[in-house]
Structure formats: structure tokens, C-alpha cells
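Below are the chains, spelled out letter by letter.
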Amino acid sequence: MDMLLSPAALALTLATFLLAGLVKGVIGMGLPTIAMGLLGTVMAPAQAAALLVLPSLVTNLWQIMGVPGLGALLRRLGPMMAAAALGTLLGIWAGLLPGRGGATAGLGVALLAYAGLGLLPLRLPQVPARAEAWAGPLTGLLTGLVTAATGVFVIPAVPYLQALGLGRDRLVQALGLSFTVSTLAMGVGLASGGGFSGAALGGSVLALLPALAGMGLGTWLRGRVSDATFRRCFFLGLLLLGLHLLWQGLR
């Protein structure tokens, strides 16, 4: 992680995690996507993914604990979470590490399509309760593979969780739970392959501070908007993240 010794790289890292934490605080996601995209200009994608581990893990735990009823959510989403962890580990061990432009661009296109539908005056169909037994694990497995290939945890987990009809705060909690599992699996996978060294751990601790500051501000802002405003912010955030990923993958 020698790049962090550069003053310019250090400044960009701190600013990136402050911005990413702010976005995550408002809409419940965005930290890995923003960080992977911006940090990719000064370091290798695998290095950026290693930096993400602690900021992502701690902010996700904050997101989970901020809403009561975690036990019931764990029982409902447990099979999906287990499959997501398995898919992430399998993907990393199969060599699907972040850095392939085609995978990143494809993820950007998927996010753009989902965000575009969400901004239209229509509601996507909800997942029937009887389908969750197989749809959850399938979604988790696919999300894990996408996580391994891109370092980003959002597709198809985010559309699936939103299709469960969860309320605003419960959705944010579910996103935090999903991202926590993916982050832990990514950290285990990177560590098993030697991609999470002591230097990477030190950089990840440093990145945690601005991420927490940004998330604190974003959470404060989210508490002061209506459900309709949150929905618009949610999908506009996904739209911008999709554009960023598409640009990142094609350049």
C-alpha cells in the first residue's frame, strides 16, 4: 500500500471516504462503489478493495444496529446472506478479482436500468412470500459472484431487497446486513490470497475515520427527509453510481 505515502493519494483517499460515507448515510449504500471508482485512479483495484474492508464493515454494522428488529430480519434473510458469502468466496478463489472493465461496465448498465425503472411513476412487483425460500439464496449467490468480480455489493441484492416491500429504515438495515456479509466474505477471500496485508489493514483503519464522519452527516440528513424524497434520492443515487461504474469500466 505504498501509494498511500503520496500526499496526493492520501488526500484523495480521505476525501473519497468522506464523500462515500455521506452518500451511504443518506441512501444506505454507495461506499464501495464510489471508493472503488475514485481510488482506481491512484491504485490497483485489488488495493482499493483491501482499503474498503474496515470502513465498509464498520459503517454497515452502524447501519444494522440503528434500527430495532434485527433478529427477525436475520431469520428472514439468513439463507440469502449465507449464499452471498459462499458466492463471494467462490468468486475470489476462482480468480474473479476486481479490475475487469467489462464486469464493471456491465454492473453500471444494470444499475442504470434499475434506477431508471425506479424513477418512473410505477412500482416494481414485490417478491411473493412463498418465493423467498429459493429467490433469496439465488440472489445471494449471484450477488457474491458480482462482488468478487467488481468489489461492489449492490446487484442483484438491492433490487431484490427493495422488492420485498420493506419500509425505509428496514430497507436501510437490510442493505447494511447484506453488505456486512459481503464485506466479511471479501475480507476473508482477500486475506486467504494474501491481498489483505498489514499495510492494507493500516490504510483501511485510516480510511475508516472520514467514512464515519461522512456517514454521520448523511444519517442526520436522511432523518430529515420524507419517504417520497428518500425514494427519489435512493434511485437518483443508484443512477449516478451506475453512470460512474459504466464510465469506470469503459475508460
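Residues numbered from 1 in each chain as written. Predicted model: local features only at pLDDT ≥ 70, side-chain atom pairs only at ≥ 80, totals over all residues. Heavy atoms only, no water.

The name an unreviewed UniProt entry assigns to the protein chain is Probable membrane transporter protein, from the organism Roseomonas marmotae. Taken from UniProt, the Subcellular location (unreviewed entry) comment for the protein chain reads in full: "Cell membrane". (UniProt positions renumbered as here; feature names shortened; annotations may be inferred.)

Colleague: What's the story with helix α1 (residues 7-27) in this structure? I'm lost.
Modeller: Residues three or four positions apart in an α-helix share a direction because the helix packs 3.6 residues into each turn. Its 21 residues give α1 an end-to-end C-alpha distance of 31 Å, which sits within 8% of 30 Å, the value for a rise of 1.5 Å per residue. Taken from the residues just after α1, G28 is the one with a positive phi, measuring 90°. (Helix = DSSP H or I, 4+ residues; strand = E, 2+ residues; numbered from the N terminus. Expected span 1.5 Å × (residues − 1).)

Colleague: Please explain the environment of A83 as it appears in this structure.
Modeller: Mapped onto the elements of the fold, A83 is located in helix α4 (residues 70-93). Along the chain, A83 and T139 lie 56 residues apart, while their C-alpha atoms are 8.0 Å from each other. Excluding residues that lie within four positions of it along the chain, A83 makes contacts with P137, G140 and L141. (Contact = heavy atoms within 4.5 Å.)

Colleague: Please explain the pattern of salt bridges as it appears in this structure.
Modeller: Close approach of charged atoms allows side chains of opposite charge to pair. What the rule picks out here adds up to three salt bridges. The salt bridge partner of E132 is R76, with a shortest N-O separation of 2.8 Å. With E132 in helix α6 (residues 132-150) and R76 in helix α4, the pair connects residues that are 56 residues apart, well separated along the chain. Exposure remark for R76: the relative accessible area of 36% places this residue in the partly exposed category. (Salt bridge = Lys/Arg side-chain N within 4 Å of Asp/Glu carboxyl O. Buried < 20%, exposed > 50% of the residue type's maximum accessible area, 1.4 Å probe, protein only.)

Colleague: Which parts of the structure should I look at to understand the environment of M80?
Modeller: Positionally, M80 belongs in helix α4. Sequence separation between M80 and L138 is 58 residues; the distance between their C-alpha atoms is 7.3 Å. Filtering out sequence-adjacent residues up to four positions away, M80 remains in contact with G136, P137, T139, G140, A157, Y160, L161 and S178.

Colleague: I'm lost on the nonpolar core in this one. Help?
Modeller: The tendency in soluble globular proteins is for nonpolar side chains to be buried side by side. Core analysis: the biggest nonpolar cluster contains 52 residues, and F17, M29, V154, V158, L161, F234 and L238 have the highest contact counts within it. Of all the elements, helix α8 (residues 168-192) adds the most residues to this core, at seven residues. Residues in contact with F234, not counting those within four places in the same chain, are I27, M29, Y114, V158, Q162, L171 and L175. (Core = buried A, V, L, I, M, F, W, Y, C linked by side-chain atoms within 4.5 Å.)

Colleague: How do you make sense of the packing of α4 against α6 when you look at a structure like this?
Modeller: Each pair of packed helices can be summarised by the angle the axes make with each other and by the distance between the axes. Their axes nearest at 6 Å, the elements α4 and α6 cross at an angle of 30°. With respect to their mutual orientation, α4 and α6 come out roughly parallel. Regarding α4 and α6, the two cross each other, and that crossing is right-handed. Counted together, R76, P79, M80, A83, A84, G87, T88, G91 and I92 of α4 and E132, G136, P137, T139, G140, L141, G144, L145, T147 and A148 of α6 form the full contact between these two elements. (Axes fitted to C-alpha atoms, helices over the stretch in contact; angles between N-to-C directions. Parallel < 35°, antiparallel > 145°, perpendicular 65-115°, else oblique. Left-handed = near helix turned anticlockwise from the far one by under 90°.)

Colleague: I would appreciate a short explanation of the side chain of T139 in the present structure.
Modeller: The residue T139 is located in helix α6 in this model. Since its relative accessible area comes to 10%, T139 is described here as buried. A polar atom in the side chain of T139 sits 2.8 Å from the backbone oxygen of A135. Residues within four places of T139 in sequence aside, it is in contact with M80, P156, A157 and Y160. (Polar contact = N/O pair within 3.5 Å; in protein donor to acceptor, adjacent residues only side chain to side chain.)

Colleague: Would you take a moment to explain the side chain of N60 for this structure?
Modeller: Among the structural elements, N60 can be located in helix α3 (residues 45-65). In contact with N60, not counting residues within four places along its chain, are K24, G176, F179, T180 and T183.

Colleague: Would you mind going over the UniProt feature "transmembrane region" (unreviewed entry) in the protein chain with me for this structure?
Modeller: Mapped onto the present numbering, the UniProt feature "transmembrane region" (unreviewed entry) falls on residues 35-57, 77-96, 102-122, 134-159, 171-191, 198-217 and 229-247. Helix makes up 100% of residues 229-247 and strand 0%, whereas the separation of the span's terminal C-alpha atoms amounts to 27 Å.

Colleague: Looking at this model, I keep getting lost on the packing of α1 against helix α2 (residues 31-39). Mind explaining?
Modeller: Interaxial distance between α1 and α2 falls to 8 Å at its minimum, and their mutual angle equals 155°. Put simply, α1 runs roughly antiparallel to α2. Regarding α1 and α2, the two cross each other, and that crossing is right-handed. Residues L12, T13, T16, F17, L19, A20, G21, V23 and K24 of α1 form the contact with α2, whose participating residues are L31, I34, A35, L38 and L39. Of the residues assigned to the contact of α1 with α2, the class counts are 10 nonpolar, three polar and one charged. (Nonpolar A, V, L, I, M, F, W, Y, C, P; charged D, E, K, R; others polar.)

Colleague: Would you explain α6 in this entry?
Modeller: For α6, with 19 residues, the first-to-last C-alpha span of 26 Å sits near the 27 Å given by 1.5 Å per residue. For α6, the full list of buried residues reads E132, A135, G136, T139, G140, T143, G144, T147, A148, A149 and T150. Trailing α6 by a residue or two, G151 shows a phi angle of about 80°, which is positive.

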